[in-house]
Amino acid sequence: MNKANNTRADEMSTRILVSPNSKNPKTGDIPQIMIGGSKAEGLASCKGCPMLSKKMGGKGEKTKCYHWGGSSQMGHIAMAKANDKDPDKLREDLSYQLSSPKVSRQAQYVRLAVGGDPSALGRERVEEITETVKAHNFKGALGYTHFYQGKGSDLKGLVMASVESLEDADRAVDGGWRAAVVLDAVHPDLTVSRAKRFEGAPLWTGQDFTTPKGRRVTVCPSQTGATVKDARGNQRPIDCNTCGMCDATQNKGGDIIGFLKH
Ligand code: SF4
């Protein structure tokens, strides 16, 4: 797959849906952007992804994607349906949604592509999104593409390259990307039922990770139980909003961020 798979017309016609807030404790209460104004459009943005089953348009045997294989797709689909029914709510208008009184005053970042892959938008639109986010006084956008070597190759410097192995993380960083990699270690707080999915993988007990080329991996602090002081001086768990290491335009946290299986 290469960049030619995205035509300019595709990039302009792929819709986004914006929610001004979120109940996701991992990201914190920040605005969220979904790629795709319908389930089909969202899935089309992910076409060819190794995390998606062949049946769903991907390259994998099973769907391992947290969005399309989990419950977060329900929010995406519900939002798409609501948007079709009631377009006056301007869910496709990023600037409008970021100006909403529903946006938390504490929100510092915007989550780009909770579902769907931003490669479907192309560089120009992702740059526009980043500029709009900054114009609304956010620090930046947090986003990932599974297609850093293919149809998302023009998003270098704007989003993280989402990769499946430490070897691939080296490859991405050698190519000038910051990378987000799933580590071969299971989050210790995983429920027994979910842990079954990762049978055989070791439990994370605080071990560090280094790539074959010797690059250090920073484990996502929201998974390690790290805390941060809030405005009242109380310690509270770090979330994406207080962390921001996955803002690919910055280098907070180094070249590679690692995620425990969860
Ligand atoms: S490293 Fe930070 S920004 Fe990235 S996923 Fe973890 S908490 Fe969120």
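Each value, and the rule that gives it
Residues numbered from 1 in each chain as written. Predicted model: local features only at pLDDT ≥ 70, side-chain atom pairs only at ≥ 80, totals over all residues. Buried ≥ 20, exposed ≤ 12 C-beta atoms within 10 Å, placed from the backbone. Helix = DSSP H or I, 4+ residues; strand = E, 2+ residues; numbered from the N terminus. Pairing = 2+ DSSP bridges. Core = buried A, V, L, I, M, F, W, Y, C linked by C-beta atoms within 7 Å. Domains from an automatic or database assignment. Near = placed C-beta within 6 Å. Nonpolar A, V, L, I, M, F, W, Y, C, P; charged D, E, K, R; others polar. Contact = placed C-beta atoms within 7 Å. Expected span 1.5 Å × (residues − 1). Arc of directions from axis to C-beta.

Trainee: I would appreciate a short explanation of the pairing of strand β9 (residues 216-219) in the present structure.
Mentor: Two faces belong to every sheet, and in a regular strand the side chains alternate between them. Where burial is concerned, the two faces of β9 differ: the one with V217 and V219 is buried and the one with R216 and T218 is not. Sheet analysis places strand β8 (residues 209-210) next to β9, joined by two bridges and oriented antiparallel. Residue pairing for β9: F209 is matched across the bridge by V217. Strand direction decides the pairing type here: β9 and strand β12 (residues 256-261), joined by two bridges, are parallel. Considered in β12, the bridge of V219 is made with G258.

Trainee: Help me understand the nonpolar core in this model?
Mentor: Nonpolar side chains in soluble globular proteins tend to end up buried together. Ranked by size, the top nonpolar core spans 55 residues in total, and within it I33, V110, L112, V159, M160, A179 and V181 carry the most contacts. Summarising the domain contributions, this core has at least three residues from each of domain 1 (1-158) and domain 2 (164-262). Of all hydrophobic cores here, the second largest spans seven residues; its members include C46, C49, L52 and C65.

Trainee: Can you walk me through the sheet that holds strand β7 (residues 179-186) in this structure?
Mentor: Sheet strands line up and pair through hydrogen bonds in the backbone, either parallel or antiparallel. If you walk across this open sheet you meet the six strands as β5-β6-β7-β12-β9-β8, and the pairing is mixed. Each having just a single partner strand, β5 (144-145) and β8 make up the two edges of the open sheet. Where strand β6 (residues 160-163) meets β7, three bridges bridge the pair, whose relative direction is parallel. Within β7, the position partnered with S162 by the bridge is A180.

Trainee: How should I be thinking about the site of the ligand in this particular structure?
Mentor: Close to the ligand lie L142, C220, P221, S222, I238, D239, C240, C243, G244, M245, C246 and I257. Within the residue set of the shell around the ligand, elements represented by two or more residues are α8 (221-224) and α9 (240-243). Looking at the shell around the ligand, its residues break down into nine nonpolar, two polar and one charged.

Trainee: Whenever I open this one, the domain arrangement of the chain confuses me. Can you help?
Mentor: Segmenting the chain into domains produces domain 1 (1-158) and domain 2 (164-262). At the interface, 20 residues of domain 1 touch 16 residues of domain 2. Elements represented by at least two residues in the side of domain 1 that touches domain 2 include exactly β3 (109-112) and β4 (140-142). Along the lines of polarity and charge, the residues of the side of domain 1 that touches domain 2 split into 10 nonpolar, six polar and four charged.

Trainee: Any chance you could explain helix α3 (residues 72-85) here in plain terms?
Mentor: For the α-helix, the turn length of 3.6 residues means that residues three or four positions removed from each other point alike. Its 14 residues place the ends of α3 21 Å apart at the C-alpha level, agreeing with the 20 Å of an ideal helix rising 1.5 Å per residue. Listing the buried residues of α3 in full gives Q73, H76 and A80. One side of α3 carries all its buried residues, which in axial view fall inside an arc of 60°. Counted as exposed and oriented over 90 degrees from the buried face of α3: M74, A78, K81 and K85. Residues of α3 that are buried make contact with β1 (16-19), β2 (32-35) and α2 (39-45).

Trainee: What is the right way to look at the environment of P87 in this model?
Mentor: Mapped onto the elements, P87 comes out in the loop between α3 and α4 (94-98). Given 10 C-beta atoms within a 10 Å radius, P87 is considered exposed. Remark: the alpha-carbon pair of P87 and P188, spanning 101 residues in sequence, is separated by 43 Å.

Trainee: Which parts of the structure should I look at to understand unusual backbone geometry?
Mentor: Negative phi is the rule for most residues except glycine; trans is the rule for most peptide bonds. With a phi close to 50°, L90 is a non-glycine residue in the positive phi region. Within the secondary structure, L90 sits in the loop between α3 and α4. Residue L90 is classed as partly exposed on the basis of its 14 C-beta neighbours within 10 Å. One non-glycine residue, N137, lies in the positive phi region at around 65°. For N137, the position within the fold is in the loop between α5 (122-135) and β4. The class for N137 is exposed, based on 9 C-beta atoms found within 10 Å.

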